[in-house]
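Okay, here's what each chain looks like letter by letter:
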Amino acid sequence: MSVVKINAIEVREDLGPELEKRFSERAREVESMPGFEGFELLRPVEGDSPYFVYTRWESEEAFQAWVESDAFKRGHRQASREHGGGSVSHGSRLLSFEVVQKVDVSNGSS
């Protein structure tokens, strides 16, 4: 079964649009990675502050290959340079899960 990684990123409210822009500009990088199954950037509502970056991978090894890839490192270096060497976040936490049950609208349970 797949693995899910959720990065909870603490972002100041005024920098949310900048974070969204950065992810939009780098989306194609992750899509081409072997074992990549899906991505969602979740914007907080109703007073919550963290953004959630949800990715699904066919295995832990596929995720680790992404984190160790030149594309991943290049994207994070570039994002830092574009914001004057700084980060739009002030903390993050990576959550890891194994998918044990999945239901898709298009094809039922799998």
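Described in the following lines is the structure provided in the data block.

How each quantity is defined
Residues numbered from 1 in each chain as written. Predicted model: local features only at pLDDT ≥ 70, side-chain atom pairs only at ≥ 80, totals over all residues. Heavy atoms only, no water. Helix = DSSP H or I, 4+ residues; strand = E, 2+ residues; numbered from the N terminus. Buried < 20%, exposed > 50% of the residue type's maximum accessible area, 1.4 Å probe, protein only. Contact = heavy atoms within 4.5 Å. Areas by Shrake-Rupley, 256 points an atom, 1.4 Å probe, with all protein chains shown as cover. Salt bridge = Lys/Arg side-chain N within 4 Å of Asp/Glu carboxyl O. Phe/Tyr/Trp six-rings, centres within 6.5 Å; stacked < 30°, edge-to-face > 60°.

## Regarding the overall build of the protein
Then comes step 1: Each helix and strand in the protein was counted, giving three helices and six strands.
Then comes step 2: Reading the helices (α) and strands (β) of the protein from amino to carboxyl end gives β-α-β-β-α-α-β-β-β.
Then comes step 3: In the protein, which comprises 110 residues, the share counted as buried stands at 32%.
Then comes step 4: Looking at the protein alone, contacts between residues at least 24 apart form 71% of all its contacts between residues at least 6 apart.
Then comes step 5: Working note: accessible area of the protein is about 7,300 Å², and carbon and sulfur atoms make up 49% of it.

## Observations concerning the pattern of salt bridges
Then comes step 1: As enumerated under the stated definition, the model contains eight salt bridges in all.
Then comes step 2: Of the charged contacts in the structure, one is a salt bridge between Lys 21 and Glu 25, with a shortest N-O distance of 3.9 Å. Taken together, the positions of Lys 21 and Glu 25, both in helix H1 (residues 16–31) and four residues apart, correspond to about one turn of that helix.
Then comes step 3: A salt bridge links Glu 31 to Arg 28; its shortest N-O distance comes to 3.2 Å.

## What to know about the packing of aromatic side chains
By convention here, two paired aromatic rings are described through the distance between centres and the angle between planes.
Then comes step 1: All chains considered together, the criterion is met by five aromatic pairs.
Then comes step 2: Measuring from ring centre to ring centre gives 5.9 Å for Trp 57 and Phe 63, while their planes differ by 70 degrees; the resulting arrangement is edge-to-face.
Then comes step 3: Residue classification places Phe 63 among the buried residues on the basis of a relative accessible area of 8%.
Then comes step 4: Their ring planes at 85 degrees and their centres at 5.4 Å tell us that Trp 66 and Phe 72 sit as a pair that is edge-to-face.
Then comes step 5: By relative accessible area, which is 22% here, Phe 72 ends up partly exposed.
Then comes step 6: Aromatic ring contacts, followed pair by pair, group Phe 36, Trp 57, Phe 63, Trp 66 and Phe 72 into a single cluster.

## Here we look at the environment of Val 88
Then comes step 1: Within the fold, Val 88 resides in the loop between helix H3 (70–82) and strand E4 (89–98).
Then comes step 2: Among the residues examined, Val 88 registers a relative accessible area of 4% and is labelled buried.
Then comes step 3: Through-space distance from the C-alpha of Val 88 to that of Glu 13 is 9.9 Å; in sequence the pair is 75 residues apart.

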